[in-house]
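Residues per chain are reported as follows:
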Amino acid sequence: MSLEEPGWWYAREPTAVAGLLHPIGKLYGWVAEVRYERTKPYRARLPVVCIGNFTAGGTGKTPLVLHLCRHLIEIGQHPVALSRGYGGTLPGPYWVDASRDRAAQVGDEPLLLAAQTRTVICRDRVQGAKAIEHGPNTASVIVMDDGLQNASLAKDLSIAVIDGGRGFGNGRTIPAGPLRAPLDFQMELADAIVVNERAGSDGEMLELLRRQFAGPVLGARVKTAGDTAWLKCAPVVAWAGIGAPERFFALLEQAGAEVLSRHAFADHHSLSDVEATALVAAADRSDALLVTTEKDLARLAGAGGACDGLRARSRTLPIRLAFSDADAERLHDLVAAALSGRRG
């Protein structure tokens, strides 16, 4: 199945289609800037740390949200993740229960977040922040998943995550390219940038941004978490409906898996019974393991039909975002400064 993001967004040179759509992209970017500048932000009583990105599609925001929430818990804070709940039907504000809720109602990423930290979904970020302020759960800091370009909620620290392999694509704004708004404008919104580098990367994007961006630019990599020896017990049929499925497939191979076939779906894609049945059949033909991401498995919970069978057969490869000691310390210092500033 084709992915939602057009391949030509990431062509080295803008294509004819990008050229035709460029005027619309310019208008889209202008509207985004005007909307941001005309919005009077709400200042929450709690510090707000925003994890966003400059482009459409997956860059690794949610793994960074989880990384920061784990760190905040370790230092005695009570973080609450705030998500729009993309893909779910509930407008919120709503406190997510990972043991009971389903992706169809709250979205797949909030289920991942709620398994590790308190999580609220709300399409209106201000109402979501107010719900966190009012409880009933203890909260000392709001960690906002996405929303860099949303001016409605004032932020104490904004971090943009970039896919080091795909970068900014053709450098044009939606729909002519992947940028959510003009790059110069977006860079002014970020206090720091995290480059999610791919295995074997030469660090070109990291060094480029360190020359172009005035603030801290930190490098990170997605790594497997826990034991991966089971991946070598049988060949693998891999499937994923995330922003960058090729990154997941590469990670499987790096962990020693023999990947017989790769099945990529659009980000947040809800599998049909036909698709679920086909995946199970592909594994049965080769006596292979079905392996997917934690996000994809969360989306299958309660889906019913053939998807229940696929969920029972599939194993996940847990991942974590890892930093060098120096960059991890710098990141934690930025968070500490944001918290300290609010206390002051």
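Structural data are supplied above this passage.
Let me sum up the structure you'll find in this document. In this convention, every chain numbers its residues from 1, walking through the sequence in written order. Only residues with pLDDT of at least 70 are given local features in this predicted model, and only at 80 or more are side-chain atom pairs given and counted; all residues enter the totals for whole chains, interfaces and linings. The side-chain numbers reported here are obtained from all heavy atoms of the structure, hydrogens and water having been left aside.

1. Remarks on the overall build of the protein
Each helix and strand in the protein was counted, giving 12 helices and 13 strands. The C-alpha radius of gyration computed for the protein amounts to 20 Å, which stays within 12% of the reference 20 Å derived for 344 residues, consistent with globular compactness. When accessible area is computed with a 1.4 Å probe and restricted to protein chains, residues below 20% of their type maximum are described as buried, those above 50% as exposed, and intermediate ones as partly exposed. Of all 344 residues assigned to the protein, the portion counted as buried reaches 54%. Here a residue-residue contact requires only that any non-hydrogen atoms of the pair lie within 4.5 Å. Sequence separation of 24 or more characterises 76% of the internal contacts of the protein that already satisfy a separation of 6 or more. For the purpose of charge, His is not counted, nor are the chain termini; Lys and Arg are scored as positive and Asp and Glu as negative. Here the site of a charge means NZ on Lys, CZ on Arg, CG on Asp, or CD on Glu. On the protein, the mean spot of the 38 positive side-chain charges and the mean spot of the 39 negative ones are 4 Å from each other. Strands are runs of DSSP state E lasting at least two residues, helices are runs of H or I lasting at least four, and both sets are numbered from the N terminus onward. Within these notes, the globule rule equals 2.2 Å times the number of residues to the 0.38 power, and the radius of gyration is based on C-alpha atoms.

2. Section: the pairing of strand β2 (residues 79-83)
For β2, a buried count of 5 out of 5 residues is recorded, marking the element as mostly surrounded by other parts of the structure. Taking every second residue as pointing to the same face, both faces of β2 are buried, with Pro79, Ala81 and Ser83 on one and Val80 and Leu82 on the other. By the convention used here, strands pair only if DSSP detects at least 2 bridges between them. Where β2 meets strand β5 (residues 141-145), 5 bridges bridge the pair, whose relative direction is parallel. In the sheet register, Pro79 faces β5, and the bridge partner there is Val141.

3. Some remarks on the pattern of salt bridges
The term salt bridge refers to a side-chain nitrogen of Lys or Arg lying within 4 Å of a carboxyl oxygen of Asp or Glu. Summed over the entire model, instances satisfying the criterion amount to 14 salt bridges. Two residues, Asp101 and Arg100, come together in a salt bridge whose shortest N-O distance is 3.8 Å. On the basis of relative accessibility, which here comes to 10%, the residue Asp101 falls in the buried class.

4. Section: the nonpolar core
In a soluble, globular protein the nonpolar side chains are often hidden away together inside. Buried Ala, Val, Leu, Ile, Met, Phe, Trp, Tyr and Cys residues that are joined via side-chain atoms within 4.5 Å together make up what is termed a nonpolar core. Formed by 43 residues in total, the largest nonpolar core has its most connected members in Ile51, Leu64, Ile159, Leu231, Leu252 and Phe323. Residues contacting Ile159, with those up to four places away along its chain left out, are Cys50, Ile51, Gly52, Leu64, Leu68, Ala192, Val194 and Leu331. Counting residues in each nonpolar core, the second largest holds 20 residues, with Phe54, Leu179, Ala181 and Leu206 among its members.

5. Topic: the environment of Val31
Here Val31 is to be found in helix α1 (residues 16-38). In this structure Val31 comes out as partly exposed when scored by relative accessible area, which is 30%. As a C-alpha pair, Val31 and Ala281 span 250 residues in sequence and 47 Å in three-dimensional space.

6. Remarks on a nonpolar patch on the surface
A cluster of nonpolar side chains, namely Leu27, Trp30 and Val31, defines an oily patch on the protein surface of about 310 Å² accessible area. Structurally, the position occupied by Trp30 is in helix α1. The patches described consist of residues with a relative accessible area above 30% and no salt bridge, like charges being joined within 9 Å and nonpolar side chains (Val, Leu, Ile, Met, Phe, Trp, Tyr) within 5 Å. Only the protein chains shown count as cover for residues, with accessible areas throughout obtained via the Shrake-Rupley method and a probe of 1.4 Å.

7. Concerning helix α7 (residues 204-212)
All buried positions along α7 are accounted for by Met205, Leu206 and Leu209. On an axial view of α7, the arc spanned by its buried residues comes to 100°, and they lie on one face. Opposite the packed face of α7, turned more than 90 degrees from it, sit the exposed residues Glu204 and Arg211. The inward-facing, buried residues of α7 contact β6 (157-163), α6 (183-189), β7 (192-197) and β8 (217-224). Throughout, the arc means the angular range of directions from the helix axis out to the C-beta atoms.

8. Re the environment of Gln127
Mapping Gln127 onto the fold places it in helix α5 (residues 125-134). For the pair Gln127 and Leu153, spaced 26 residues apart in sequence, the C-alpha to C-alpha distance is 9.5 Å.

9. What about α1?
An expected span of 1.5 Å times one less than the residue number is assigned to each helix. With 23 residues, α1 extends 34 Å from end C-alpha to end C-alpha; this agrees with the ideal 33 Å at 1.5 Å per step. Take the seven residues that end at a residue and the seven that start at it, fit an axis to each, and the angle between those axes is the bend at that residue. Of all the bends in α1, the greatest reaches close to 50° and is centred on His22; the proline Pro23 follows between one and four positions later. Every buried residue of α1 is listed here: Ala18, Gly25, Gly29, Ala32 and Val34. Where α1 is buried, its residues touch α6.

10. Here we look at the packing of aromatic side chains
For Phe, Tyr and Trp, where Trp contributes only its six-membered ring, two rings pair if their centres lie within 6.5 Å, and the inter-plane angle classes them as stacked under 30 degrees, edge-to-face over 60, or tilted in between. By the definition in use, this model includes 3 aromatic pairs. Aromatic side chains Phe54 and Phe168 sit 6.2 Å apart centroid to centroid with 40° between the ring planes, which places their arrangement in the tilted category. Of this pair, Phe54 sits in the loop between β1 (48-52) and α2 (61-74) while Phe168 is found in the loop between β6 and α6, placing the two residues 114 residues apart along the sequence. Note on Phe168: relative accessible area 11%, which makes it buried. Judged by centre distance (5.9 Å) and plane angle (55°), the rings of Phe248 and Phe249 are tilted. No difference in accessibility class separates Phe248 from Phe249, as the two residues are buried. The criterion for a charge sitting over a ring is simple: Lys NZ or Arg CZ within 6 Å of the ring centre, and within 35 degrees of the ring normal. Here Lys130 stacks its cationic end above the ring of Tyr42, 5.0 Å away from the centre of that ring. Above the ring of Trp230, the side-chain terminus of Arg315 is found at 3.8 Å from the ring centroid.

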